[in-house]
Amino acid sequence: MEKTTQLYEGKAKKVYATADPNLCVVSYKDDATAFNGLKKGTIVGKGVVNNRMTNMMMRLLEKQGVPTHFVEELSDRETLVKKVKIVALEVIIRNVSAGSFAKRYGVEEGIVFDEPTIEFSYKNDDLGDPLLNEYHALALKLATKDEIAVIKKYAFKVNEVLKEYFLKLGVRLIDFKLEFGRLTDGTIVLADEISPDTCRFWDAKTGEKLDKDRFRRDMGGVEDAYKEIFKRVITGE
Ligand code: ADP
Ligand code: UDP
């Protein structure tokens, strides 16, 4: 299936139509942004890592009973996916305090939670993706009660599967963001990406950050961190 017209260019990916109205092609760029687009840069090779890693995660999750948009990897940077209407919610699961959680609640990073947390933000760049709860999501008609229940069930399942998967690679899954979409028949599936752009990964031994925080925080070694996590995913160790 070949891509035809470009439907959308986002901060990290482009989305193309195909001859089949139910399928589209996602193309991963090396462009990196942070702080709602305020900070811009390039992470050489990121598009390849994020595309291939996302596809491996989607295949793993499908096997574990989480339906996803994944259809076929077309090349290093391009993947055929089921076209969905994205639910305008960013779904964030956390196992350990970090980032905006630590800032918002005035706690240090690295506190291990007894239970994972879930939070939603309204996927709206103009508003800076404001945090909201389920009642707000219902009031704004972003999703139905049933859809929110399914999304929560899948999000926690994703966490269980990925937490265990990464621990075997010597990596702690600290937190991550998911997006879900609706197929034409309304079925909810996991969409978008699962990559060092959207997850926090800390080396289990050294605590070294292997994710986009190296870019956000100008820590250096960004490309190497993406290479390292990708190497572990590819080699399985
Ligand atoms: P952003 O829009 O935040 O800049 P990206 O650069 O990652 O993000 O752009 C990719 C866009 O494609 C996102 O808006 C994402 O919600 C959307 N998307 C992801 N998967 C699908 C899909 N299967 N069908 C349609 N749109 C999708
Ligand atoms: N995240 C994301 N996109 C966003 C916001 C957050 O992928 O627009 C991911 C981020 O990489 C991290 C998790 O969600 O793994 C939690 O992010 P947090 O709320 O701490 O925000 P940040 O520190 O990125 O501002």
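Everything numeric in this text was worked out from a predicted model, so none of it was measured.

### Digging into the site of ligand 2
Among the 15 residues in the neighbourhood of ligand 2, the closest are listed as Arg94, Ser100, Asp175, Arg200 and Arg216. With respect to ligand 2, the side chain of serine 100 contributes an N or O atom lying 2.5 Å from an oxygen atom. At 2.8 Å from an oxygen atom of ligand 2 is found a side-chain nitrogen or oxygen belonging to arginine 216. Against a free-state accessible area of 510 Å², the protein chains account for coverage of 77% of ligand 2. Of the residues in the shell around ligand 2, the class split is 4 nonpolar, 3 polar and 8 charged.

### A few points about the nonpolar core
Of all hydrophobic cores here, the largest spans 47 residues; its most connected members are Leu162 and Phe166. For this core, the secondary-structure elements that each account for two or more residues are strand 4 (31-34), helix 1 (46-63), strand 9 (89-96), helix 4 (145-168), strand 12 (171-182), strand 13 (188-191), strand 14 (199-203) and helix 6 (222-235). Counting residues per element, this core draws most heavily on helix 4, which supplies 8 residues. Residues in contact with phenylalanine 166, not counting those within four places in the same chain, are Met53, Met57, Val171, Phe201, Ile229 and Val233. With 5 residues, the next largest nonpolar core counts Val15, Cys24, Tyr28 and Val81 among its residues.

### Structural notes on the side chain of arginine 94
The residue arginine 94 is located in strand 9 in this model. Within polar-contact distance, the side chain of arginine 94 engages the backbone oxygen of alanine 98 at 3.4 Å. One polar contact links arginine 94 to aspartate 175, side chain to side chain, over a distance of 3.4 Å.

### A closer look at the site of ligand 1
Around ligand 1 sit 17 residues, and of these Tyr8, Lys11, Ala12, Lys13 and Glu179 come closest. Lysine 11 is positioned with one of its backbone polar atoms (N or O) 2.6 Å from an oxygen atom of ligand 1. Here aspartate 192 contributes a backbone N or O atom positioned 3.3 Å from a nitrogen atom of ligand 1. For ligand 1, whose accessible area on its own is 550 Å², the fraction buried by protein is 89%. Secondary structure elements with two or more residues in the shell around ligand 1: strand 2 (13-18) and strand 7 (78-82). For the shell around ligand 1, the residue count by class is 8 nonpolar, 2 polar and 7 charged.

### Topic: the environment of leucine 178
Along the chain, leucine 178 turns up in strand 12. Beyond its immediate stretch of four places on either side in the chain, leucine 178 contacts Leu89, Glu90, Val91, Ala155, Val158, Leu190 and Ile194.

### Here's the deal with the pairing of strand 5 (residues 39-42)
As defined by bridge partners, strand 4 adjoins strand 5 across 4 bridges and the pair is classed as antiparallel. Counted as the bridge partner of alanine 32 is glycine 41 from strand 5. What sits between strand 4 and strand 5 in their antiparallel hairpin is a turn of 4 residues, with phenylalanine 35 showing a positive phi close to 55°.

Rules and cut-offs
- Residues numbered from 1 in each chain as written.
- Chains lettered and ligands numbered in written order.
- Predicted model: local features only at pLDDT ≥ 70, side-chain atom pairs only at ≥ 80, totals over all residues.
- Heavy atoms only, no water.
- Near = heavy atom within 4 Å.
- Polar contact = N/O pair within 3.5 Å; in protein donor to acceptor, adjacent residues only side chain to side chain.
- Areas by Shrake-Rupley, 256 points an atom, 1.4 Å probe, with all protein chains shown as cover.
- Nonpolar A, V, L, I, M, F, W, Y, C, P; charged D, E, K, R; others polar.
- Core = buried A, V, L, I, M, F, W, Y, C linked by side-chain atoms within 4.5 Å.
- Buried < 20%, exposed > 50% of the residue type's maximum accessible area, 1.4 Å probe, protein only.
- Helix = DSSP H or I, 4+ residues; strand = E, 2+ residues; numbered from the N terminus.
- Contact = heavy atoms within 4.5 Å.
- Pairing = 2+ DSSP bridges.

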